[in-house]
Amino acid sequence: MLTSLCPVICTSRLEESREFYTKLFGYKVTHQADWYVGLGRPGLTPCELALLDHTHTALPEAQRRPVRVIRFTLEVEGGERELERIAACGESAAGRSLDTGGSTGNDLVVTDPNGVQIRVVTPK
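Counting from 1, residues in each chain are numbered in the order their sequence is written. Given that the model is predicted, a residue must reach a pLDDT of at least 70 before its local features are reported, and side-chain atom pairs must reach 80 or more before they are shown or counted; all residues, however, enter totals for whole chains, interfaces and linings. The side-chain values count all of the structure's non-hydrogen atoms but skip hydrogen atoms and water molecules.

Caption draft 1: Focus on the overall build of the protein. Helices and strands together make up the secondary structure of the protein, namely two helices and seven strands. Only protein chains enter the accessibility calculation, which uses a 1.4 Å probe. A residue is then buried if its area is under 20% of the maximum for its type, exposed if over 50%, and partly exposed in between. Residues classed as buried in the protein amount to 35% of the 124 residues present. Two residues qualify as a contact provided that any one of their heavy atoms is within 4.5 Å of a heavy atom in the partner residue. A separation of at least 24 residues holds for 49% of the contacts in the protein among residues at least 6 apart in sequence. About 7,600 Å² of surface is accessible on the protein, with carbon and sulfur atoms providing 50% of the total. Strands here mean DSSP runs of E at least two residues long; helices mean DSSP runs of H or I at least four residues long; both are numbered from the N terminus. Only the protein chains shown count as cover for residues, and the accessible areas themselves come from Shrake-Rupley with a 1.4 Å probe.

Caption draft 2: Seen up close, the nonpolar core. We define a nonpolar core as any set of buried Ala, Val, Leu, Ile, Met, Phe, Trp, Tyr and Cys residues linked to one another through side-chain atoms lying within 4.5 Å. Ranked by size, the top nonpolar core spans 22 residues in total, and within it Tyr21, Phe25, Ile86, Val110, Ile118 and Val120 carry the most contacts. Elements with a contribution of two residues or more to this core: α1 (14-25), β3 (36-41), β4 (47-53), α2 (79-93), β6 (107-111) and β7 (117-121). Discounting chain neighbours no more than four positions away, the residues touching Ile86 are Leu24, Phe25, Val76, Leu108, Val110 and Val120.

Caption draft 3: Quick look at the packing of aromatic side chains. Note on aromatic pairs: the rings of Phe, Tyr and Trp (six-membered ring only in Trp) are paired at centre separations within 6.5 Å, and the planes decide the class, stacked below 30 degrees, edge-to-face beyond 60, tilted for the rest. Under the criterion given, the structure shown has five aromatic pairs. Taken together, a centroid distance of 6.3 Å and an interplanar angle of 80° make the contact between Tyr21 and Tyr27 edge-to-face. By way of ring pairs, the aromatic residues Phe20, Tyr21, Phe25 and Tyr27 are connected into one cluster.

Caption draft 4: Representation of the environment of Leu52. Tracing the backbone through its elements, the reader meets Leu52 in strand β4. Here Leu52 falls in the buried class, since its relative accessible area comes to 8%. Taking the C-alpha atoms as reference points, Leu52 and Thr11, separated by 41 residues in sequence, lie 6.0 Å from one another. With near-sequence residues (within four places) excluded, Leu52 lies in contact with Val8, Ile9, Cys10, Thr11, Leu14, Trp35, Tyr36 and Leu59.

Caption draft 5: Examining the pairing of strand β2 (residues 28-32) more closely. Strand pairing is defined by DSSP finding a minimum of two bridges between the two strands. As defined by bridge partners, β2 adjoins β3 across four bridges and the pair is classed as antiparallel. Across the sheet, the residue bridging to Lys28 is Gly40, located in β3. What sits between β2 and β3 in their antiparallel hairpin is a turn of three residues.

Caption draft 6: Focus on the pattern of salt bridges. The salt bridge definition used is simple: a Lys or Arg side-chain nitrogen within 4 Å of an Asp or Glu carboxyl oxygen. Tallying each qualifying case throughout the model produces four salt bridges. Among the ionic pairs, Glu16 bridges to Arg13, the shortest N-O distance being 3.8 Å. Here Glu16 falls in the partly exposed class, since its relative accessible area comes to 41%. Residue Arg13 is classed as partly exposed on the basis of its relative accessible area of 33%. Here Asp107 and Arg119 are joined by a salt bridge, their closest N and O atoms 3.0 Å apart. Here the residue Asp107 occupies a position in strand β6, and Arg119 occupies one in strand β7, the gap between them amounting to twelve residues. Given a relative accessible area of 28%, Arg119 falls into the partly exposed group.

Listed below in structure tokens is the structure:
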């Protein structure tokens, strides 16, 4: 039985990425080194995320490159108000505009400093 899942984003923008995920989604730093940041959110369904300097020797040499393509979906509580908060923070945190193409009104897409697209949804 699966008890944990922790995506790892290999990045050349470690500090920017840490700021993005803590500001927009309330992650807390659980571990930090000059080459690694562990992020977590407690709760009934704990969420973990790791950020790893893509040049670090913890990675096999063939894998030492920044993330290329990834998109994931996060579900948040708080309805339209929370989506508006994330949209406002997302534009400044990533320095990019929001992609709302195809939005149903219950979702939006923000892009992190690495180009990772995050679809944020609220329950209907």
